[in-house]
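Breakdown of the fold
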Amino acid sequence: MAPWGWRLAIAGGAGTGKTLLAVEQSRRQAARGRRTLLLCYNRALADHLRATNPSRDHVEAMTLHQLYEWWISRIEKQSGRNFLREANAQYPGRSRSEVQLPHSFLSCLDAFPPPSFDSVVVDEGQDFRDEDWLAIDVLVEKTGASLCIFHDRNQRLYRRSEYFPITDERDCFMLRRNCRNTRPIHSAAYRFYDGHPTREPEIEGEPIAHLEAPDRAAQARAIHQKVRSLLTSDGVQSDDMAVLVLGATIGTRIFYEELRALPIGSGVSWAEETYRQAQTVLIESVARFKGLERAIIFLWLDDDFDIKAHQELLYVGMSRAKSRLFLVSSAAACQRAVQVIQQ
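Residues numbered from 1 in each chain as written. Predicted model: local features only at pLDDT ≥ 70, side-chain atom pairs only at ≥ 80, totals over all residues. Heavy atoms only, no water.

As for the overall build of the protein
Test applied: Working definition: helices are DSSP H or I runs of at least four residues, strands are E runs of at least two. Numbering for both runs from the N terminus. In this description the radius of gyration comes from C-alpha coordinates, and the expected globular size is given by 2.2 Å times residues to the power 0.38. The cut-offs for exposure are 20% and 50% of the maximum accessible area for each residue type, with area from a 1.4 Å probe on protein chains only; residues under the lower value are buried, those over the upper are exposed, and the others partly exposed.
Along the protein, the regular secondary structure elements total 11 helices and 12 strands. Computed over the C-alpha atoms, the radius of gyration of the protein is 21 Å, within 12% of the 20 Å expected from 2.2 N^0.38 for a compact globule of 343 residues. Along the three orthogonal principal directions, the C-alpha set of the protein runs to about 60 × 40 × 40 Å. Within the protein, the fraction of its 343 residues that count as buried is 52%.

Here you go:
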């Protein structure tokens, strides 16, 4: 077994198995009796990690902000000292999630013994800010915990970090094979990928399909019709599908409302940003779905989306589909996407 305190960084493009390996790494650490912290940024991904990890007695899966809030609350109950209130006074008007929470957590670590983790595993590490990495750095230094980070810089949807806690190239490894997508989906998504070559999958699969309609109401009807057809004629299960919205300028709610007005029937309903519900088809934003996957993805594009400005979102959204991908938008918007994909 490697000595405590070791650090590894594993990078790889979409579909190379980073989340699967993060769960497996956590499971192996837990099997050795090591209390393991499995961290990510997205709440939906954290819920998935908890649900799919059988070693729950020794693995704590949570988002970064759940970690902050849990430990700050624990210390307040033990000591009566409210570190978050102190951070609010020290950094008035600054972001609670991006400034006050990480600084409160660091203050707790400075003043009291840290949570007793032996191993820290981070999935989707590209989403963490400099302040977050500083907090993780201090945590692993104080506990002597090992640190293993899985990341893909092409999926940086939230921020750009100047700092990364692992810099020695001998501790950095690449995953080079896409094990999730079919070839057409891989080819499309990886037009927006910049990095070491990734071996394409061997499954040919179906070409990317378009559902083109002039406005959101008509686009929603096209999705609704295709979903019903897949459920009734093709025998697809509801939880094999998801509708992901890339609402570049107007957000996601207006898209959700259009679908909500169209009942699916046969005991199946829409689930808005709600996971693991039987007999539902998920509607979600691309950003919140990062790290997850479905067999069939409807990628619903705002007509005004800018390919250059939103290439990370397109990369993430397309690569969530394992076997079939539908682009949904106006004919002009779909054509803009196709022109880039086919370059």
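Describing the packing of helix 1 (residues 18–31) against helix 2 (residues 43–52)
Threshold: Fitted lines through C-alpha atoms give the axes, limited to the stretch in contact for helices. The angle between two N-to-C directions lies from 0 to 180 degrees. By the definition adopted for this analysis, an angle is roughly parallel if under 35 degrees, roughly antiparallel if over 145, roughly perpendicular if from 65 to 115, and oblique otherwise. Handedness of a crossing follows from how the near helix is turned relative to the far one, being left-handed for an anticlockwise turn of less than a right angle and right-handed for a clockwise one. Any pair of residues with heavy atoms lying within 4.5 Å of one another is described as a contacting pair. Note on residue categories: nonpolar means Ala, Val, Leu, Ile, Met, Phe, Trp, Tyr, Cys or Pro, charged means Asp, Glu, Lys or Arg, and polar means any other residue, Gly included.
Contact pair helix 1 / helix 2: the axes reach a minimum separation of 11 Å and the direction vectors enclose 50 degrees. By the angle between their axes, helix 1 is oblique relative to helix 2. The interaxial crossing formed by helix 1 with helix 2 has right-handed handedness. Where helix 1 approaches helix 2, its residues Thr 19, Val 23 and Arg 27 are matched on the opposing element by Leu 45, Leu 49 and Thr 52. In the contact of helix 1 with helix 2, the residues fall into three nonpolar, two polar and one charged.

Here we look at the sheet that holds strand 7 (residues 209–212)
We apply this condition: A pair of strands is considered paired only if DSSP assigns at least 2 bridges between the two.
The strand order across the open sheet formed by six strands is 7-12-11-8-10-9, and the pairing between neighbours is parallel. Both outer strands of the open sheet, strand 7 and strand 9 (269–272), are each paired with one neighbouring strand and no more. Direction aside, the axes of adjacent strands within the sheet are offset by 25 degrees on average. Bridging between strand 11 (residues 294–301) and strand 12 (residues 321–329) involves six bridges; their strand directions are parallel. Bridge pairing in strand 12 places Leu 299 opposite Leu 327. On the sheet, helix 8 (residues 216–232) packs against strand 7, strand 8 (241–246), strand 9, strand 10 (280–285), strand 11 and strand 12 and is oriented at approximately 170 degrees with respect to strand 11. Packing of helix 9 (residues 253–260) onto the sheet brings it into contact with strand 8, strand 9, strand 10 and strand 11, and relative to strand 9 it is tilted by some 165 degrees.

Describing the sheet that holds strand 1 (residues 7–12)
Across the sheet, which stays open at both edges, the six strands sit in the order 3-2-4-5-1-6 with parallel pairing between neighbours. Strands with a single pairing partner mark the edges of an open sheet, and in this sheet they are strand 3 (59–63) and strand 6 (172–175). Neighbour to neighbour, the strand axes of the sheet diverge by 15 degrees on average, direction disregarded. Both strand 1 and strand 5 (residues 146–151) contribute to a ladder of five bridges, which runs parallel. Pairing of Ala 9 across the sheet is with Ile 149, part of strand 5. Contacts from helix 1 reach strand 1, strand 2 (36–40), strand 3, strand 4 (119–122), strand 5 and strand 6, with the element oriented near 165 degrees to strand 5. Running at roughly 105 degrees to strand 3, helix 3 (residues 64–79) makes contact with strand 2 and strand 3 of the sheet.

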